[in-house]
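Listed below, chain by chain, are the residues.
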Amino acid sequence: MSAALHPGPAPRARDLLLNGIFGENPVFRLALSLCPAVAVTTTLLNGVLLGVAVLLVQVLSSLTVTLARRWIHPRVRIPIYTIIIAVWVSVIDMLLAAFTPALYAQVGLYVKLIVAFAIIISRLEVFASRHPLVPSFFDGLGMGLGFLLALVVIGAMRELLGSGSIAGFQLTPGKPLLFFALPAGGFFSIALLMALFNRIERQVTGGSSRPSAGGGHG
Amino acid sequence: MNGGRSEIVRITVTMTVVCALAGLVLGAAFVATHRYRESADRRTERRAISDLLQLDSAATVVEVRQLFAPGRREVIYRTAPLGAAAEREIVFGIDGRLVASGTAATGGTGRGEAGAARDDDAPALIPLGRMFVAFRGGTPAGFVVEGESRGYKNRIRFFVALTRGFEIAGVRVVEHEEDPGLGAEVATPAFQGQYLGRAAADLEALEVTKDPMPEDWRAALATVGRAPRDAWRERHGALLARERGKPVYAVTGATISSRALTDGVRETVDHFRRRWALLAPQLGGPS
């Protein structure tokens, strides 16, 4: 997060996007918002829907904070960030309920929980509050895409192993490893994918990369 | 301490402005979406009703709304074909005595407000609930009653379908905010299947137990949504007969939600039977 601590020249859009998706992937790298990632990713479709909702909330909240950062009193920034996130979550919740009722019936319960996703407020705190509009937009987009990617991969893996299907299409008879559809299986899935993520990264960067952060919660 | 005081003012002003803006955005979003949400909800509702009653094309459904007029101490039932404007109004005193019956559109009961003012949000009328009566060949073929109950977090809104012999033909939660993985399980076909086939008269004694559900019953309930209801009931006839006398098995870790739905179903059916005893002669069915 060195870019956030020393707001020198504005980082480039491409770097910010890649940083969110790979370098500081919210789930696999920062290990933030693991609980919701586990709760909703029992199927691929749930992962996609919630990932898109988080992406929208992240981008909209980052934009709001970067535009309003001059007027946000630093002592009360946390309640203000919380209100901003809550507003966008509610707006998206209302839009989903009105225009995609079938999908809302499936993920409506989880959408409200986005209010408490650690990744969103942490990006507002470390990035959007210190950078201008364009970089904040790309940081929010990159983080949102990174989270979406993580939810999709975890959701696909758990649906395949836990229910033997992908996006609702049954591939195997019965449920091969029901364990993966249960919450504990979710954590195992994330651990396995995190290891894979680290391995790929190490091969790409020639072993110089630091290990995954871990220790996050929320 | 002048600086401190001006900080108080600044922080107060900032927070107030933020809250006002948040309110504006939320209000605008609500105004822009609630009409679509309501029509989407109505569509879902209609699908749930025809699904619960397993209606064919020969059946028609009439919506009956119950309203209470506190000033006149009267209970008003308005009937309308599903999705259409009210066409009939039946008025009872709170003692159950029939006061008037006539067409609502022309103000046929000749009482109270003028015809145009007889809509749902007339402030003097308190809505008490809704039910849907399916008619086949002029006689009632089944009922869906809307009920509400206080769940673990928020209200649970549900439909109870009854056969004309007052046996539960299905329970469906249509709105709830229970916890995913715990209380939300009461909205699954497997949990709701536990009410199937119970007679209204037996609900009075229906309890919720924390005992583990027998494995064969669990396995049968896991398939309840996948086959046509009658086929499912036929296949598991022996199990159903055995479990009908047993309590409802609570969702593990969600006894409160399980109890909330069960109590709600019991109360809703109880109210319905009393209402129907009054209404049946007016609507042409057995009471």
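Note that the structure is predicted; figures quoted are calculated from it, not measured. Residue indices follow the written sequence of each chain, beginning from 1 at its first position. To label them, take the chains in the order written and letter them from A, then take the ligands in the order written and number them from 1. With pLDDT at 70 or above as the cut-off, local features in this predicted model cover only qualifying residues; side-chain atom pairs require 80 or more to be listed or tallied, and sums for whole chains, interfaces and linings still use all residues.

A word on the overall build of chain A. Only runs of H or I of at least four residues qualify as helices and only runs of E of at least two qualify as strands under DSSP, and these elements are numbered from the N terminus. Within chain A, the secondary structure is distributed over 9 helices and 2 strands. Order of helices (α) and strands (β) in chain A, N terminus to C terminus: α-α-α-α-α-α-α-α-β-β-α. Partly exposed residues are those whose C-beta has more than 12 but fewer than 20 other C-beta atoms within 10 Å; 20 or more makes a residue buried and 12 or fewer makes it exposed, with C-beta atoms placed from the backbone. Residues classed as buried in chain A amount to 45% of the 218 residues present. What counts as a contact here is a pair of residues whose C-beta atoms, placed from the backbone, lie within 7 Å. Contacts spanning at least 24 positions in sequence make up 74% of the contacts within chain A whose residues lie at least 6 apart.

Moving on to the overall build of chain B. A count of helical and extended segments in chain B gives 6 helices and 10 strands. With 287 residues in all, chain B has 29% of them scored as buried. Residue pairs in contact within chain B that sit at least 24 positions apart in sequence constitute 55% of those at least 6 positions apart.

All names here are of chain A. Structurally, Asn-19 is set in helix H2 (residues 13–23). Residue class for Asn-19 comes out buried when judged on the 21 C-beta atoms lying within 10 Å of it. For Asn-19 and Gly-142, which are 123 residues apart along the polypeptide, the C-alpha to C-alpha distance reads 6.8 Å. In contact with Asn-19, other than residues within four places in its own chain, are Glu-24 and Gly-142.

With that out of the way, let us pick up H2(A). At 3.6 residues per turn, the α-helix brings residues three or four places apart onto the same side. Those residues of H2(A) that sit buried are A:Leu16, A:Asn19, A:Gly20 and A:Ile21. Next to the buried residues of H2(A) lie helix H8 (133–163) of chain A.

What follows concerns the interface of chain B and chain A. With 19 residues of chain B in contact, the opposing surface of chain A contributes 19 residues. Three classes are used, and their members are as follows: Ala, Val, Leu, Ile, Met, Phe, Trp, Tyr, Cys and Pro are nonpolar, Asp, Glu, Lys and Arg are charged, and the others, Gly among them, are polar. For the side of chain B that touches chain A, the class distribution of residues is 13 nonpolar, 3 polar and 3 charged.

To continue, consider the sheet that holds strand S2 (residues 74–81) of chain B. Residues and elements named next belong to chain B. The 8 strands are arranged S4-S3-S2-S1-S5-S6-S7-S8 in an open sheet whose pairing can be described as antiparallel. The sheet terminates laterally at strand S4 (98–103) and strand S8 (168–175), the two strands that pair on one side only. In this sheet, neighbouring strand axes are inclined to one another by 20° on average, regardless of whether the strands run parallel or antiparallel. When strand S1 (residues 60–69) meets S2, the two strands line up antiparallel, connected through 8 bridges. The residue of S2 that forms the bridge with Val-64 is Thr-79. For every element, the axis is a line fit to its C-alpha atoms; helices are fit only across the contacting stretch, and the angle between N-to-C directions ranges from 0 to 180 degrees. With respect to the sheet, helix H6 (residues 255–283) is in contact with S1, S2, strand S3 (88–93), S4, strand S5 (126–136), strand S6 (139–150), strand S7 (155–163) and S8, its orientation differing from that of S6 by roughly 140°. Here the rule is simple: two strands pair whenever DSSP picks up at least two bridges between them.

This brings us to the domain arrangement of chain B. Residue and element names in this part refer to chain B. Note that the domain bounds were set by an automatic or database domain assignment. When cut into domains, chain B gives domain 1 (64–124) and domain 2 (131–287). At the interface, 7 residues of domain 1 touch 6 residues of domain 2. At the level of elements, S1 and S3 are the ones that each hand at least two residues to the side of domain 1 that touches domain 2. Residues of the side of domain 1 that touches domain 2, tallied by class, amount to 4 nonpolar, 3 polar and no charged.

Turning next to the nonpolar core. Membership of the largest hydrophobic core comes to 55 residues, with the highest contact counts inside it found for A:Val54, A:Val57, A:Trp88 and A:Phe147. Contributing elements (two or more residues each) for this core: helix H3 (34–40), helix H4 (44–68), helix H5 (77–99), helix H6 (101–111), helix H7 (118–128), H8 and helix H9 (183–205) of chain A. At 13 residues, H5(A) tops the list of elements feeding residues into this core. Residues within four places of A:Phe147 in sequence aside, it is in contact with A:Pro26, A:Val27, A:Gly51, A:Val54, A:Leu55 and A:Ile119. The term nonpolar core refers to a group of buried residues, namely Ala, Val, Leu, Ile, Met, Phe, Trp, Tyr and Cys, whose C-beta atoms join them within 7 Å. One finds B:Val64, B:Phe158, B:Met213 and B:Tyr249 within the second-largest nonpolar core, a separate group that totals 50 residues.

What you tend to see is this: most non-glycine residues have negative phi, and most peptide bonds are trans. Its identity as a non-glycine residue notwithstanding, A:Ser33 has a phi of 55°, on the positive side. Along the chain, the position of A:Ser33 falls in the loop between H2 and H3. Since 25 C-beta atoms lie within 10 Å of it, A:Ser33 is described here as buried. Phi at B:Arg73 is positive, roughly 50°, even though this residue is not glycine. C-beta crowding within 10 Å serves as the criterion here: with 10 such atoms nearby, B:Arg73 is assigned to the exposed category.

Turning to H4(A), a few remarks are in order. The end-to-end C-alpha separation of H4(A) is 36 Å, in line with the 36 Å expected for 25 residues at 1.5 Å each. In terms of burial, H4(A) is largely enclosed, as 18 of its 25 residues are buried. One fewer than the residue count of a helix, multiplied by 1.5 Å, yields its expected span.

Take the confidence of the model for chain B next. All names here are of chain B. A residue's pLDDT is the confidence the predictor assigns to it, expressed on a 0 to 100 scale. With 90% of its residues at a pLDDT of 70 or more, chain B shows a mean pLDDT of 83. Put simply, S4 is where chain B has its lowest mean pLDDT, 81, and S7 is where it has its highest, 93. Across residues 106–121, confidence stays below pLDDT 50; counting only partners more than four residues off in sequence or on other chains, it has 17 contacts. Across the predicted assembly, pTM comes out at 0.72 and ipTM at 0.77.

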